[in-house]
Every structure is written in structure tokens, then in C-alpha cells.
Amino acid sequence: MKNIESVVKSNLCLGCGFCTFRGNYKMEYNHSKGLYLPKKTGDSNHLDWEICPAKGYTIKQTSAQLYTQNAQYSIDLGYINKQYVVSSKSERILQNASSGGIMTQIALFLLKEKIVDYVVVTKFIYSENGIKTKTFFTNDINEIFEAQGSKYCPVNMDYFISEIGKYKFHKFAFFGTPCQIAAIREIQRNDPHIAKNLLFTVGNFCGGVKNYNNIKKLAQRNKLDYENIKYFRFRGGGQPGSLLMVDKHGNSSQTNYPLYVGYTGYSKLLRCHLCVDATAELADISCGDAWLDSYMEDFRPWSVIISRNKKATEIINMLESQQKIIIREISKEEISKSQNQNLKSKKYRYLSRNNLYRFLGYKLPDFDGGYHNIDFPLKKEIKIYLIHKLKELLEKIGLYGFVRNIIKK
Ligand SMILES: Cc1cc2nc3c(=O)[nH]c(=O)nc-3n(C[C@H](O)[C@H](O)[C@H](O)COP(=O)(O)OP(=O)(O)OC[C@H]3O[C@@H](n4cnc5c(N)ncnc54)[C@H](O)[C@@H]3O)c2cc1C
């Protein structure tokens with residue numbers, strides 16, 4: 001792969017829209033793929049390609065440049081200055097948070113303390129093209145609340161990118177997925193104003209996303225009118241929260257997370273299957289769910305977080321001293337345990353899965369390390385691959401729901 005077109009052709013595009021940064025691409029929705037894809041509008045250059053996170057990135061080198069000082073490296077979790085389990089003390093934040101509400105709490109804190117002028121967050125919008133997302137600069141508290149909750153779908157950043165010029169002389173913080181953080185780091189490297197004014201990045205741990213057709217199918221499977229959905233969320237309403245959809249006729253459907261993940265046969269995006277970045281290793285603070293019995297059984301929702309430098313740790317400590325959050329101690333090993341499934345997939349199976357995909361003729365993203373040198377049994381990789389493909393096929397021919405019901409009985 002050597003340009004944006006080859007990323008799209010190889011089905012690796014994440015639909016993130018960062019390649020629109022220099023104005024040489026625009027994003028167009030592709031209904032069959034269920035995501036936005038870039039279309040060339042000018043003479044593309046090397047920078048468009050460098051920014052693209054789907055081609056892979058220098059996760060080891062860049063994280064080392066950013067964080068070696070006062071931080072210890074772990075292949076599983078990246079550079080760590082300090083790790084915690086945290087929960088917001090605000091009832092309003094916890095109500096619609098994915099887990100402990102820490103991402104929203106940090107956003108509000110950075111604005112209140114005037115550390116930044118704006119934060120960049122992502123909310124759902126209800127357009128004539130169905131449910132989509134919008135990423136935007138804001139300093140409005142209500143809009144930050146509106147953006148709460150994990151979006152397990154591709155996020156097209158073209159609106160945010162189009163606004164960067166307007167805001168790049170203001171101090172801002174960026175909230176997003178590991179691949180989005182990688183792209184914004186690349187932009188930061190190439191633009192002195194953004195380098196100076198992007199003061200803080202907060203990433204979520206990430207197990208990948210499915211395309212937008214998955215959302216449509218979830219609505220249909222719950223007998224809701226997709227075109228007329230007026231509210232949608234993947235997470236929120238407690239720990240671990242629930243999917244909630246409400247249509248304009250007043251019908252609604254609620255399913256606990258992660259139960260609904262198997263409701264459709266759609267698999268994660270190909271690029272998400274081939275990812276090595278489980279915890280947003282290039283973000284100053286990374287936040288995930290505390291998948292540990294002692295925290296999951298608690299009435300209070302909790303997040304695990306990693307701060308990667310002193311400045312990030314200071315912010316967490318200030319949040320505690322201002323009584324905005326509760327903090328519990330946790331070891332790195334326990335954080336890894338809480339992310340067992342995702343780490344196994346991204347860090348331990350990385351080599352064997354790549355070998356299989358390469359053998360099958362797939363183009364692969366390029367990372368400079370960040371995974372264990374372990375040979376996971378090929379037989380298991382083939383089995384996992386075939387199960388994904390079978391589910392996708394059943395969904396495509398309209399039999400997934402039927403077969404799933406029979407298996408469940
Ligand atoms: C795609 C995805 C996959 C994830 N996979 C895992 C996982 O495997 N293991 C795990 O422990 N945790 C995972 N998480 C993280 C987890 O769901 C929560 O985001 C995290 O625990 C922080 O919760 P919170 O209550 O602090 O966030 P909230 O207070 O709910 O705030 C969430 C913030 O994240 C932003 N945001 C949400 N989704 C997106 C998106 N797709 N793109 C850009 N910004 C977004 C919102 O704008 C908001 O600012 C994933 C999150 C996402 C988005």
C-alpha cells in the first residue's frame with residue numbers, strides 16, 4: 001500500500017476522514033459497505049497518506065517519543081506513568097456514561113480550569129442518511145453531555161477537520177479512539193499551530209467497531225422504524241449499560257451490553273481485526289471499562305485509566321483533590337486482566353492472525369511492534385476466521401436471525 005486509494009481498495013479504510021485534512025479528499029457514504037469512504041478531489045500528496053491511521057502507524061516509536069520520561073513501558077498497555085480505577089462523583093455524568101464517566105469528567109475539568117478553550121467530542125446525529133456521528137469543537141457543557149457514550153461504529157471526522165482551521169489558534173483537547181489519536185498525532189507533527197495548541201489527548205480502550213449497517217439491522221431486529229429513530233445509544237444507564245433505541249412513534253427497545261453484540265452477523269471492520277492498539281497508546285490518558293468482578297458487581301460504575309505522563313497524572317490528582325472523582329489503586333497486572341479478551345486478540349494473536357490473513361492475500365496495516373512474538377495455533381485462527389465469515393454470509397443472505405434462534409433453542 002502506498003496511497004489512500006490502495007487503503008480503500010484493500011478494504012482497510014476506517015472511514016475516519018482524516019485524509020480530508022489537506023483538502024484533497026472528500027468523504028462519501030457507501031451504502032453497501034456501511035461507512036464513509038474518501039473520494040479524491042485534488043492532487044493527493046504524501047501527507048494525506050502519512051495521516052491515514054488505517055495503513056498502520058509507528059506505535060512504538062511515537063509513544064516512546066511522547067512518553068518515555070517518568071513512564072514504564074508495557075507491551076500490553078503502552079507507557080504508564082500511573083494507573084487507577086476511577087468513578088465520577090457526579091450523578092449527572094454517571095447517568096449516560098459508558099463506565100465511570102471519567103472521559104466526560106476530564107473534558108469538563110479541562111474547560112473549567114481553563115487548561116483548554118475547547119474540547120473535541122463525538123455525538124450521534126439523526127440525519128436523512130440514518131444514524132451517523134458528528135465530531136466537533138465545543139465548550140458547551142450540554143453538548144459534552146450529549147456526546148457521552150461509546151460509539152461502536154465508524155466515525156467520520158470530516159466536519160471536525162473542516163473546522164480545525166477556525167480553532168487551531170485556540171487551546172484544545174481531543175477525545176477519541178486509538179486510531180483517531182494516532183491520526184491527530186500525525187497532524188500535530190505536521191502543523192505547528194496544532195502542535196502548539198492541542199494540549200491534551202484522551203483515548204478510549206478499543207476492541208473495534210462494526211459498520212453502520214449493523215445499527216440498521218439492530219433496529220430492524222428489534223422491530224423499530226430505523227428511518228425514524230430519534231434516540232440511539234450503545235452504552236449508558238449504569239454499568240455496563242445498555243443499547244437503547246427510541247423511534248418517533250414512541251416505540252423503544254433496550255438490551256444490556258454486551259448481549260446485543262451477537263444480535264447481528266456483522267463482524268468488526270477488517271482494519272479493526274488487524275489492530276494492535278488496545279489502549280490508545282498515543283493518548284495522554286487512556287480510559288476503559290473495569291471488567292473485573294469486584295468492580296462490575298459494585299452499584300457504582302468504574303473506569304480503569306492509564307495516565308502516560310506527569311501532566312496527565314496531575315490532572316487526575318486534581319480531580320480527586322477537588323472531590324470530582326473517587327480513585328482506587330490497581331496494579332498493571334489487574335488492568336491487563338480487565339482487558340484480557342481484547343489484549344489476547346490484539347497483542348497475543350497478532351502475529352498468527354497476520355500470517356493467516358497474509359496467506360489469504362489480504363493487505364495488512366504496518367505497525368513497528370507493540371505485540372508479543374508468539375505463535376498462536378493457526379488452527380484456532382482459521383476457526384475464528386471461518387466463524388466470522390459464516391456469520392457475515394448468513395447475514396448477507398438474510399438467514400442469520402433464523403439460524404441464531406434455532407441455535408439458541
Ligand atoms: C469503539 C470503542 C471500543 C471500545 N472498546 C473497549 C474495550 O474493548 N474494552 C474496554 O475496556 N473499553 C472499551 N471502550 C471504552 C469504553 O467503552 C468507555 O469509552 C470508557 O470506559 C470510558 O467511559 P466513560 O464513562 O469515561 O466515557 P463517557 O463519559 O461515556 O464519554 C465517552 C467519550 O468518548 C467519546 N467517544 C465515544 N465513542 C467515540 C468514538 N467512536 N470516536 C470518538 N469519540 C468517541 C465521546 O465523545 C465522549 O467524550 C471502547 C470505546 C469505544 C468508543
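Residues numbered from 1 in each chain as written. Predicted model: local features only at pLDDT ≥ 70, side-chain atom pairs only at ≥ 80, totals over all residues. Heavy atoms only, no water.

## Focus on the overall build of the protein chain
Condition: Numbering goes from the N terminus for both helices and strands, where a helix is a DSSP run of H or I of at least four residues and a strand is a run of E of at least two. C-alpha atoms define the radius of gyration in this analysis, and the globule rule sets the expected value at 2.2 Å times the number of residues to the power 0.38. Buried residues are those whose accessible area, probed at 1.4 Å on protein chains only, stays under 20% of the maximum for their type, while exposed residues exceed 50% and partly exposed ones sit between those limits. Pairs of residues are marked as contacts when any of their non-hydrogen atoms sit within 4.5 Å. All accessible areas in this document rest on Shrake-Rupley with a 1.4 Å probe, and a residue is counted as covered only by the protein chains that are shown.
What the protein chain contains, in helices and strands, is 18 helices and 15 strands. Relative to a compact globule of 409 residues, whose C-alpha radius of gyration would be 22 Å, the protein chain shows 20 Å and is just as compact. By its C-alpha atoms, the protein chain is 55 × 50 × 45 Å across when sized along the principal axes. Considering the protein chain as a whole, with its 409 residues, one finds that 57% of them fall into the buried category. Sequence-distant contacts, at least 24 apart, represent 71% of the contacts inside the protein chain between residues at least 6 apart. On the protein chain, roughly 18500 Å² of surface is accessible, and the fraction owed to carbon and sulfur atoms is 50%.

## Considerations on the pattern of salt bridges
Formally: For this analysis, a salt bridge means a side-chain nitrogen from Lys or Arg found within 4 Å of a carboxyl oxygen belonging to Asp or Glu.
Considering all chains together, one arrives at 14 salt bridges under this definition. Between Lys 347 and Glu 281 there is a salt bridge whose closest N-O contact spans 2.6 Å. You can see Lys 347 sitting in helix H15 (residues 340-348) and its partner Glu 281 sitting in the loop between helix H11 (270-273) and strand S13 (285-289), a full 66 residues away along the chain. Overall, the relative accessible area of 0% leaves Lys 347 in the buried class.

## Quick word on the packing of aromatic side chains
Put simply, the rule reads: Aromatic contacts are taken between Phe, Tyr and Trp rings whose centres are within 6.5 Å, Trp giving its six-membered ring; a plane angle under 30 degrees counts as stacked, one over 60 as edge-to-face, and the others as tilted.
By the definition in use, this model includes 24 aromatic pairs. Where Tyr 118 meets Tyr 167, the ring centres are 4.8 Å apart and the plane angle is 75°; that geometry is what we call edge-to-face. Of this pair, Tyr 118 sits in strand S6 (residues 118-127) while Tyr 167 sits in helix H7 (residues 158-167); the two residues are 49 residues apart in sequence, bridging distant segments of the chain. Here the two residues Tyr 118 and Tyr 167 agree in accessibility, since each one is buried. An angle of 10° between the planes, with centres 4.1 Å apart, marks the rings of Phe 137 and Tyr 167 as stacked. Within this pair, whereas Phe 137 is found in strand S7 (residues 130-138), its partner Tyr 167 is found in helix H7, the two being separated by 30 residues in sequence. Among the residues examined, Phe 137 registers a relative accessible area of 6% and is labelled buried.

## What to know about the environment of Asn 11
We apply this condition: As used in this structure description, the phrase polar contact means that two N or O atoms lie within 3.5 Å; if the pair is within protein, one of them must be able to donate a hydrogen and the other to accept it, and residues adjacent in sequence are counted only when both atoms belong to side chains.
One can find Asn 11 in the loop between helix H1 (4-9) and strand S1 (25-30). Taking the relative accessible area as the measure of exposure, Asn 11 reaches 41% and is therefore partly exposed. When the C-alpha positions of Asn 11 and Arg 271 are compared, they lie 7.7 Å apart, and in sequence the two are 260 residues distant. When sequence neighbours within four positions are dropped, the list of residues in contact with Asn 11 reads Lys 33 and Leu 270. In this structure the side chain of Asn 11 is engaged in a polar contact, spanning 3.1 Å, whose partner is the side chain of Lys 33.

## Here we look at the pairing of strand S14 (residues 303-307)
Regular strands place their side chains on alternate faces of the sheet. We apply this condition: Pairs of strands are assigned from DSSP output, requiring at least two bridges between the strands.
Counting buried residues in S14 gives 5 out of 5 residues, a clear majority hidden from the surface. Residues Ser 303, Ile 305 and Ser 307 of S14 are buried on one face, and the alternating residues Val 304 and Ile 306, pointing to the opposite face, are buried as well. The pairing of strand S5 (residues 82-88) with S14 spans 5 bridges and is antiparallel. By the bridge assignment, Lys 82 is partnered in S14 with Ser 307. Summarising the sheet, S13 and S14 pair through 5 bridges and their orientation is antiparallel. Residue pairing for S14: Ile 285 is matched across the bridge by Ser 307.

## As for H15
Side chains of residues three or four places apart in an α-helix project in the same direction, reflecting 3.6 residues per turn. What counts is decided by this rule: An arc is given here, and it is the one of the directions from the helix axis to the C-beta atoms.
When we look at burial in H15, the residues that qualify are Asn 342, Leu 343, Ser 345, Lys 346 and Lys 347. Looking straight down H15, one finds that the buried residues subtend no more than 165° of arc, so they occupy a single side. Projecting away from the buried face of H15 at angles above 90 degrees are the exposed residues Asn 340 and Gln 341. Looking at the buried residues of H15, the elements they touch are helix H14 (332-338) and helix H16 (350-359).

## Details of the site of the ligand
What counts is decided by this rule: Residues are classed as near a molecule or strand on a simple rule: at least one heavy atom within 4 Å of it. Ten residues, namely Ala, Val, Leu, Ile, Met, Phe, Trp, Tyr, Cys and Pro, are considered nonpolar, four, namely Asp, Glu, Lys and Arg, are considered charged, and the remaining ones, Gly among them, are considered polar.
Every one of the 35 residues lining the ligand counts as a neighbour, but Ser 99, Gly 101, Thr 104, Ser 150 and Asp 289 are closest to it. A distance of 3.0 Å separates an oxygen atom of the ligand from a polar backbone atom of Ser 98. At a separation of 3.3 Å, an oxygen atom of the ligand approaches a polar side-chain atom of Tyr 152. Considered on its own, the ligand offers 920 Å² of accessible surface; in the complex 97% of this is hidden by protein. The set of elements that each furnish at least two residues to the shell around the ligand consists of helix H5 (102-112), S6, strand S8 (172-176) and S13. The residue inventory of the shell around the ligand, partitioned by class, reads 13 nonpolar, 19 polar and 3 charged.

## Remarks on the nonpolar core
Which entries qualify depends on this criterion: By nonpolar core we mean a set of buried residues, namely Ala, Val, Leu, Ile, Met, Phe, Trp, Tyr and Cys, connected to one another through side-chain atoms within 4.5 Å.
By size, the foremost hydrophobic cluster in this structure holds 31 residues, and its most contacted members are Phe 18, Phe 137, Phe 160 and Phe 174. Secondary structure elements with two or more residues in this core: helix H2 (46-51), S6, H7, S8 and helix H8 (178-190). Sorting elements by how many residues they give to this core places H8 first, with 5 residues. Every residue in contact with Phe 174, bar those within four places of it in the chain, is listed here: Phe 18, Val 120, Met 157, Phe 160, Gln 180, Ile 181, Ile 184, Leu 198, Phe 200, Thr 201 and Val 202. Ranked by size, the runner-up nonpolar core spans 30 residues in total, among them Tyr 84, Ile 106, Leu 108 and Ala 312.

## Description of the domain arrangement of the protein chain
Basically, it comes down to this: An automatic or database domain assignment is the source of the domain bounds shown. Using a 1.4 Å probe, buried area is obtained as the accessible area two parts lose upon being combined, added over both of them.
Segmentation of the protein chain into domains returns domain 1 (46-211 + 267-344), domain 2 (212-263) and domain 3 (350-408). The centre of domain 1, based on its C-alpha atoms, is set 27 Å off from the matching centre of domain 3. Listed per partner, the contact involves 19 residues of domain 1 and 18 residues of domain 3. Between domain 1 and domain 3, roughly 1600 Å² of surface is buried when both sides are summed, and carbon and sulfur atoms account for 62% of that area. At the boundary of domain 1 with domain 3, the tally comes to 0 salt bridges. Where domain 1 packs against domain 3, one counts 7 residue pairs in polar contact (both at pLDDT 80 or more). Those elements giving two or more residues to the side of domain 1 that touches domain 3 turn out to be helix H3 (59-67) and H11.

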